[in-house]
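So you can see what is in the structure, the chains are spelled out below.
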Amino acid sequence: MSQTLRDNLKRLLAPRHLAFVGGRSMARALKRCAEDGFTGPMWLVNPQHAELDGVPCVASIEQLPCGPDAVFVATNRELTLTCVAALAAKGAGGAICYASGFAETGAEGQALQQQLLQAAGDMALLGPNCYGLLDYLHSAALWPVAHGGQPVERGVAVLTQSGNFAYNLSMSDRSLPVAYMASVGNQAQLGIAELMDVLLDEPRVTAIGLHLEGLKNVPGFARAAHKALEKGIPIIALKTGVSQIGAELALSHTSSLSGSDALYDALFQRLGVIRVSGPVSFVETLKAASCGQLPAGPHLMALACSGGDAGLIADYAERNGLQLPKLDAGQCAELAQVLPGYANLVNPLDFTTAIWGDATALQAMLDTALRTEADSAMLVLDYPAEFTGERKECDLLLELFCAALQRHGKRGFVTSAFPELLPASARERLHGHGIPALQGVEDGLAAWGRIVAYQQRRPALLALGESALVPLCPQALHGASVLLDEWQSKQALRGFGLSIPDGVLSTPEQALSAAAAVGYPLVLKAVSAQLPHKTEAGAVALNLKDPEALSAALRLMRTRIAEHAPSVAFERVLLEPMAAPPLAELIVGIKRENDFALALVIGAGGVLVELLKDSRSLLLPTTEGAIRQALLSLRSAALLQGFRGRPTADLEALVAAIGAVADYACEHAGQLLELDVNPLLVGAQGTVAVDALIRLGQA
């Protein structure tokens, strides 16, 4: 992004003046901005009317007194091209293009979208096919219809590929403090990555929420997400579309282990992005981060006035990695002076309804409970219906809890057992104190747990260094592909430091004499690029102990290959020493997802690879530390760590071997389609690759 474009995007996101180009709906949009508190100049551009709904019209963009910082263009696609060109010539900061009919419609629309980009130049352009931008920091709603948000002093930025999702989120009864909400549309010029990068420079943005179908600019996203990680700004992602894509022509086992969604997981894990499963967890996790006061650790002091609520807290806290430290003897003694004898003096603390509405007793209870080493505190508080007249006691407890958090220097949040029983008035009061108002004890503790986990992982991710590496983003290859046979694949990888058996390439006729140089017991394999899966074709014979066994294996192999693949000539064989029984068998492979990533996949290998599906994916380039972590996070990692008294694996050699595969892949990223090393035999002294497959494409 050029500096001029970046500066113009900053104008769009902090506008001094606004313009709306279009008809009556744009007059209403302008009036909504005025009603919400935007005080700068605003203009409505319409050549056919002197005024619309009481709003005076400017006849053309050229007649505007200056280039507006932010413009909403709500015309048809042909007029949109003309308007964008005129705005760029006028020196406007940025334009939002509402019209559809561009790249999303096919080749003709793609050509029009390219013209739109050329017309915009270095003016910031959001869309086309875009619902707009809600800017609640500056009361600027560049939006075609009503919206449900309100001005805030700070809050989260939500970027979505769905205008309807943005509209519904603005209307939701969750009191999410939104600083910005943008529907990104076709992302012709500005996409998720570019918006994130500039939004992270706004100190009043406390977290970023992403509602994604997919990413167009993975390297740019990674750079922005690393910047967020450095700043400690959580990114919460709701990623839709979890199906496996692009494995139709795959020959390798790696593709069965790592579909597209697994690679998004790998990207998010590398960058500390918090992934959630649905709209409610998305909103509640954003709320947990929205005040910018993040928990320092997992220890939680929990308060409720019901034993049932306390039981729920205990269950959900454990489920979400939150710890409830015990009350000390001094706390118990003090609480016994305030609470009735039947109160259970534990954490979570059921302080009972006996002191309900008693400000002195409640404050004493809070001061004692919050005098703790716990990193944060929570309160479960359900408001009764307004007609009961009993809400004032809830308001009292809420205010006392907020004050106690401040007195004791604690982070904290309030939640309710039932989502609808924390009313908007209470939520807004809490957010005014900088305290998250979470709805539903299950969702609330899950949200808090996600933010705690982010805080715990963040220093380790930065120290690991992987987040600072920009992922490779390979382009699609359209030429024919070439499959290297096992011998060629192994030799290619050997050049990058991968240890392979000391084998001999021979012919069936010369195999007996070649075997003398290899020694028995040995392994016999047919060598052909037309046999990527040799075991199924009967093209592998193991543990041949003498020449007679080798001769018999050669005869049987010729017969079985002729039956399985009659078009494959039995012309070359590979003879290798029989490897010692390993501590573990792994698969190490490369998964290519065009326009997204090249990924290193590490998993439990051998013949059970697809059955076990025990794997981890790392985007390339990666680091030795990340490879080591991925290995030790496998379900089968115990096999590497002295399982049942067996030796421990040579982890240094194993990490180096996997690093050699990664180095080869990075060097050949432009043409590498698939790579499998399976199995990689892991021993107490060293690691050896006994089979390999590489497929290369042509540009």
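Residues numbered from 1 in each chain as written. Predicted model: local features only at pLDDT ≥ 70, side-chain atom pairs only at ≥ 80, totals over all residues. Heavy atoms only, no water.

Under an unreviewed UniProt entry, the name given to the protein chain is CoA-binding domain-containing protein, and the organism recorded is Pseudomonas protegens.

A. The pattern of salt bridges, seen in detail. Under the definition given, this model contains 36 salt bridges. The partner of Glu-486 in a salt bridge is Lys-525, and the shortest N-O contact between them spans 2.8 Å. Of the two residues, Glu-486 is situated in helix 17 (residues 486-494) and Lys-525 in strand 22 (residues 522-526); the sequence distance between them amounts to 39 residues. Note on accessibility: Glu-486 and Lys-525 belong to one class, buried. One salt-bridge network, in which partners are shared between bridges, spans Glu-486, Lys-490, Lys-525, Lys-534, Glu-576 and Asp-691. (Salt bridge = Lys/Arg side-chain N within 4 Å of Asp/Glu carboxyl O. Helix = DSSP H or I, 4+ residues; strand = E, 2+ residues; numbered from the N terminus. Buried < 20%, exposed > 50% of the residue type's maximum accessible area, 1.4 Å probe, protein only.)

B. Looking closely at the sheet that holds strand 22. Here 4 strands make up an open sheet; going across it, the order is 21-24-22-23 and the pairing antiparallel. The open sheet has two free edges, formed respectively by strand 21 (504-506) and strand 23 (540-544), since each of these has just one partner strand. Direction aside, the axes of adjacent strands within the sheet are offset by 20 degrees on average. Bridge analysis of strand 21 against strand 24 (residues 573-577) gives 3 bridges, and the strand direction is antiparallel. When the bridges of strand 24 are listed, Ser-506 appears paired with Val-573. (Pairing = 2+ DSSP bridges. Axes fitted to C-alpha atoms, helices over the stretch in contact; angles between N-to-C directions.)

C. The arrangement of the pairing of strand 11 (residues 178-183) in detail. When you tally the buried positions in strand 11, you get 6 out of 6 residues, the bulk of the element. Two elements, strand 10 (residues 155-160) and strand 11, share 5 bridges in a ladder whose sense is parallel. Along strand 11, the bridge assignment pairs Thr-160 with Ser-183. A crossover links strand 10 with its parallel partner strand 11, the connecting element being helix 5 (residues 163-171), and its sense is right-handed. (Right-handed = clockwise from strand over helix to strand, strands pointing away.)

D. Geometry of the layout of surface pockets. Reported here for the second largest pocket is a volume of approximately 530 Å³. In terms of lining residues, the second largest pocket is bounded by 26 residues, among which Gln-150, Val-152, Ser-175, Leu-176 and Pro-177 are the most central. Those elements that place two or more of their residues in the lining of the second largest pocket are helix 5, strand 11 and helix 15 (424-432). With 5 residues, the single largest contributor to the lining of the second largest pocket is helix 15. For the lining of the second largest pocket, the residue count by class is 11 nonpolar, 9 polar and 6 charged. Counting residues domain by domain, the lining of the second largest pocket receives three or more from each of domain 2 (147-292 + 454-468) and domain 3 (300-439). (1 Å grid on protein atoms, 1.4 Å probe; cavity = no way out; pocket = protein on both sides within 12 Å on 5 of 7 lines; lining within 4 Å. Points joined across faces, edges and corners; volume = space filled by probe spheres on them. Nonpolar A, V, L, I, M, F, W, Y, C, P; charged D, E, K, R; others polar. Domains from an automatic or database assignment.)

E. Representation of the nonpolar core. The biggest cluster of nonpolar side chains holds 110 residues, and the ones touching the most others in it are Phe-20, Met-196, Leu-210, Phe-221 and Phe-282. When residues of this core are assigned to their parent elements, the largest contribution, 8 residues, is made by helix 16 (residues 441-464). Not counting residues within four places of it along the chain, the set of residues in contact with Met-196 comprises Leu-159, Ile-208, Leu-210, Phe-221, Ala-224, Ala-225 and Ile-235. Membership of the second largest hydrophobic core comes to 42 residues, among which are Leu-498, Leu-600, Val-655 and Ala-689. (Core = buried A, V, L, I, M, F, W, Y, C linked by side-chain atoms within 4.5 Å. Contact = heavy atoms within 4.5 Å.)

F. Structural view of the UniProt feature "domain: CoA-binding" (unreviewed entry) in the protein chain. Cross-referencing UniProt, the feature "domain: CoA-binding" (unreviewed entry) maps to residues 12-102 in the present numbering. Measuring from the first to the last C-alpha atom of residues 12-102 gives 22 Å, for a span that is 32% helix and 24% strand. (UniProt positions renumbered as here; feature names shortened; annotations may be inferred.)

G. The side chain of Ser-528, seen in detail. Mapped onto the fold, Ser-528 is located in the loop between strand 22 and strand 23. The class for Ser-528 is buried, based on a relative accessible area of 13%. Reaching out from Ser-528, the side chain makes a polar contact with the backbone nitrogen of Gln-530 at a distance of 3.0 Å. Excluding its chain neighbours within four sequence positions, the residues that come into contact with Ser-528 are Asp-485 and Val-568. (Polar contact = N/O pair within 3.5 Å; in protein donor to acceptor, adjacent residues only side chain to side chain.)

H. How the structure looks around empty space enclosed by the protein. Across all of its chains, the model carries 4 cavities of 30 Å³ or more by this definition. For the largest cavity, the calculated volume is near 90 Å³. If you go around the largest cavity, you meet 14 residues; those closest to its centre are Asp-485, Glu-486, Ser-528, Leu-531 and Pro-532. The set of elements that each furnish at least two residues to the lining of the largest cavity consists of strand 20 (481-484) and strand 30 (692-697). Its residues placed into classes, the lining of the largest cavity shows 9 nonpolar, 1 polar and 4 charged.

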